[in-house]
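Each chain, letter by letter, is given below.
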Amino acid sequence: MRKVKYPEMGKRIRQARIEAGLKQKDCLEPLGDITAQMLSDWENGYVCPTLTYLRNIANFYKVSLDYIVLGKISGKKESSITTYKDATEHIVALVESDVFEINRTRLSNGMSKISIVSIDSKIDEFSDEYNRLLIAKNSMKKDLYEQAVKDLIEKYNTPLETKK
């Protein structure tokens, strides 16, 4: 039995193809004249595609390399947060970026309300712009909205000004 070396990447490659509404045979030529066995090996996580093929996959399926390789959601609309572990890892990464902090408020029913609060003016600016896009979302075509979100995110592609 062959060893699965890249299970998560394989799942993301397969999912991107399925979400694009394509069968494996439809992808062979556009991905660089690959064989059905190559695509099957990638999707099953047996083999990692070369960088050239990874670029082809990302471009053809209209997702980012970060999504295919790392599972980062910048190139995918769907959230990568599916478990409490995923959520806590994201919270830790936000807080450790030194531009967010956690606020906890005890509610009367004994539960707590946890808020992740920005302590950075650029994040506040982004939040304002993103909220305006969310308000306009229903009156926009889906592809225009998605492009506007990508453009907004790209606008803030600058290094964090940490307080450390």
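Residues numbered from 1 in each chain as written. Predicted model: local features only at pLDDT ≥ 70, side-chain atom pairs only at ≥ 80, totals over all residues. Heavy atoms only, no water.

A tally of helices and strands in the chain yields eight helices and two strands. The helix and strand sequence of the chain, counted from the amino end, reads α-α-α-α-α-α-β-β-α-α. The C-alpha radius of gyration computed for the chain amounts to 20 Å, which surpasses the reference 15 Å derived for 164 residues by more than 25%, pointing to a less compact arrangement than a globule. Its C-alpha atoms give the chain principal-axis dimensions of roughly 60 × 40 × 35 Å. Of the contacts made within the chain by residues no fewer than 6 positions apart, 47% connect residues no fewer than 24 positions apart. Accessible surface, the chain: about 11,700 Å² in total, of which carbon and sulfur atoms supply 54%. Averaging the positions of the 27 positive and the 24 negative side-chain charges in the chain gives two centres separated by 5 Å. (Helix = DSSP H or I, 4+ residues; strand = E, 2+ residues; numbered from the N terminus. Rg over C-alpha atoms; globule rule 2.2 N^0.38 Å. Contact = heavy atoms within 4.5 Å. Areas by Shrake-Rupley, 256 points an atom, 1.4 Å probe, with all protein chains shown as cover. Lys, Arg positive; Asp, Glu negative; His and termini not counted. Charge placed at Lys NZ, Arg CZ, Asp CG, Glu CD.)

As for its placement among the helices and strands, Asp120 is situated in the loop between strand E2 (112–118) and helix H7 (121–136). With a relative accessible area of 9%, Asp120 lands in the buried category. From its side chain, Asp120 meets the backbone nitrogen of Lys122 in a polar contact 2.8 Å long. (Buried < 20%, exposed > 50% of the residue type's maximum accessible area, 1.4 Å probe, protein only. Polar contact = N/O pair within 3.5 Å; in protein donor to acceptor, adjacent residues only side chain to side chain.)

So, on to the packing of helix H1 (residues 7–19) against helix H4 (residues 51–61). Put simply, H1 and H4 touch, their axes get as near as 10 Å, and they point 35° apart. As for how H1 packs across H4, the hand of that crossing is left-handed. Where H1 approaches H4, its residues Met9, Ile13, Ala16 and Arg17 are matched on the opposing element by Leu54, Ile57 and Tyr61. (Axes fitted to C-alpha atoms, helices over the stretch in contact; angles between N-to-C directions. Left-handed = near helix turned anticlockwise from the far one by under 90°.)

In this structure, Ile13, Leu31, Leu39, Ile57, Tyr61 and Ile68 are the most contacted members of the largest nonpolar core, which totals 15 residues. At the level of elements, H1, helix H3 (36–43), H4 and helix H5 (65–70) are the ones that each hand at least two residues to this core. Leu133, Tyr145, Leu152 and Tyr156 belong to the second-largest nonpolar core, a separate cluster that totals five residues. (Core = buried A, V, L, I, M, F, W, Y, C linked by side-chain atoms within 4.5 Å.)

Per the counting criterion, the structure on display carries four aromatic pairs. Ring centres of Phe60 and Tyr61 lie 5.6 Å apart, and the angle between their planes is 45°; this geometry places the pair in the tilted category. Judged by relative accessible area, which is 6%, Tyr61 ranks as buried. When the centroid spacing of 5.8 Å and the interplanar angle of 5° are considered together, the rings of Phe126 and Tyr130 count as stacked. A residue pair is termed a helical-turn pair when its members lie 3 or 4 positions apart in one helix, as Phe126 and Tyr130 do in helix H7 at four residues. (Phe/Tyr/Trp six-rings, centres within 6.5 Å; stacked < 30°, edge-to-face > 60°.)

This brings us to the packing of H1 against H3. Their axes nearest at 7 Å, the elements H1 and H3 cross at an angle of 120°. Our classification of the angle between H1 and H3 gives oblique. Residues Gly10, Lys11, Ile13, Arg14 and Arg17 of H1 pack against Leu39, Trp42 and Glu43 of H3. Counted by class, the contact of H1 with H3 contains three nonpolar, one polar and four charged residues. (Parallel < 35°, antiparallel > 145°, perpendicular 65-115°, else oblique. Nonpolar A, V, L, I, M, F, W, Y, C, P; charged D, E, K, R; others polar.)

Before going further, it helps to spend a moment on the environment of Asp26. For Asp26, the location among the structural elements is in helix H2 (residues 24–27). The spatial distance from the C-alpha of Asp26 to the C-alpha of Ala36 is 9.9 Å, given a sequence separation of ten residues.

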